[in-house]
Amino acid sequence: MILKGKGSSKKIFNAAHCWFAQKFRLVKSSKFPFVINFELWNECNAQCTFCRTDDGGIYDLNPDNSGKVSIEKGKMPLQMYEEIIEQSKDHILIAVPYVNGEPLMYPDIYKAIKFASDRKVATMISTNGELLTEKNIQKLLDSRLDFIKIAISGFSQDIFTIQHRGCDIEKIKKNLKTLARLRDDEKGHDLLVMVDYINYE
């Protein structure tokens, strides 16, 4: 992030302040967090068993709610996201424009990433990989996304669907190859790709 100009002494100091306050359980922390997660849209093309019911209801993983299905579906207006980025751009290290759901379903995800990138804020998304078409990958590269995590559990369809209902692992594997090729072909782009993988016996 520092090499890309997305880190600064002010941001690093803010992150250290937040860490110090949490580590020593101080009553007061920094005025700004160092990471912000945005729930842009919590709709999803997969119904993963650890996240949703069979009919798409979102589990509330807050310990106080003990797994009740109580999270409402909805979208955040892009303008609200942009206002928050504008207010915090000098302090936060990274913006994560997803919490629940598939971020590539949000129509303005590329605008959201580019808006943060233009203001020297690093970005990261996590995806199930099914919507990583060649066109969408190119748009992610053009928006200057910094980190992408692909969550997969098993390399055969039978194993994969233990947790990921509604997605095709062969399509996702093909998309991963396309992502690697396009990322490597894009001169000067150093998108960090992470695979969140569960190995079943």
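Here the structure is shown first, and the text comes after it.
In this report, we go over the structure that sits alongside the text. Owing to the predicted nature of the structure, the values given are computational and were not obtained by experimental measurement. (Residues numbered from 1 in each chain as written. Predicted model: local features only at pLDDT ≥ 70, side-chain atom pairs only at ≥ 80, totals over all residues. Heavy atoms only, no water.)

1. Structural notes on the packing of aromatic side chains
Which entries qualify depends on this criterion: The criterion for an aromatic pair is that two Phe, Tyr or Trp rings (for Trp, the six-membered ring) have centres within 6.5 Å, with stacked assigned to planes under 30 degrees apart, edge-to-face to planes over 60 apart and tilted to the rest. Comment: elements are numbered from the N terminus, with helices defined as DSSP H or I runs of at least four residues and strands as E runs of at least two. Under the scheme applied here, a residue whose accessible area is under 20% of the maximum for its type counts as buried, over 50% as exposed, and between as partly exposed, the area being computed with a 1.4 Å probe on protein chains only. A positively charged side chain is recorded as over a ring if its NZ (Lys) or CZ (Arg) lies within 6 Å of the ring centre. The angle to the ring normal must also be within 35 degrees.
Using the criterion set out here, one finds three aromatic pairs in the structure. Ring centres 4.7 Å apart and planes at 70 degrees place the aromatic pair Phe38 and Tyr81 in the edge-to-face group. Remark: Tyr81 occurs in helix α2 (residues 78–88) and Phe38 occurs in the loop between β1 (35–37) and β2 (58–59); sequence separation between them is 43 residues. Of the two residues, Phe38 and Tyr81, neither departs from the other in class, the shared state being buried. An angle of 50 degrees between the planes, with centres 5.3 Å apart, marks the rings of Phe155 and Tyr197 as tilted. Placement of the pair is Phe155 in the loop between β6 (147–152) and α5 (157–160) and Tyr197 in strand β7 (residues 192–197), with a sequence separation of 42 residues. Its relative accessible area of 45% is what places Phe155 among the partly exposed residues. The partly exposed category is assigned to Tyr197, whose relative accessible area is 36%. The residue whose ring lies beneath Lys75 is Trp41, and the NZ or CZ to ring-centre distance is 4.3 Å.

2. Thoughts on helix α3 (residues 109–118)
Cut-off, in case you're wondering: Note on contacts: a residue pair qualifies if any of its non-hydrogen atoms lie within 4.5 Å across the two residues.
Burial analysis of α3 places seven of its 10 residues in the buried class, which makes it a mostly covered element. For α3, the full list of buried residues reads Ile109, Tyr110, Ala112, Ile113, Phe115, Ala116 and Ser117. Buried residues in α3 make contact with α2, β5 (122–127) and α4 (134–142). Taken from the residues just after α3, Lys120 is the one with a positive phi, measuring 60 degrees.

3. Here's the deal with the side chain of Arg52
Our working definition: Counting rule for charge: Lys and Arg are taken as positive, Asp and Glu as negative, and neither His nor the chain ends is counted. Salt bridge criterion: a side-chain nitrogen from Lys or Arg within 4 Å of a carboxyl oxygen from Asp or Glu.
Within the secondary structure, Arg52 sits in the loop between β1 and β2. Glu43 is the oppositely charged side chain nearest to the buried, salt-bridge-free Arg52, at an N-O distance of 4.1 Å. When neighbours within four sequence positions are excluded, Arg52 is seen to be in contact with Asn42, Glu43, Cys44, Ala46, Gln47, Gly57, Ile58, Tyr59, Lys73, Asn100, Gly101 and Arg165.

Honestly, it's all geometry; don't read function into it.
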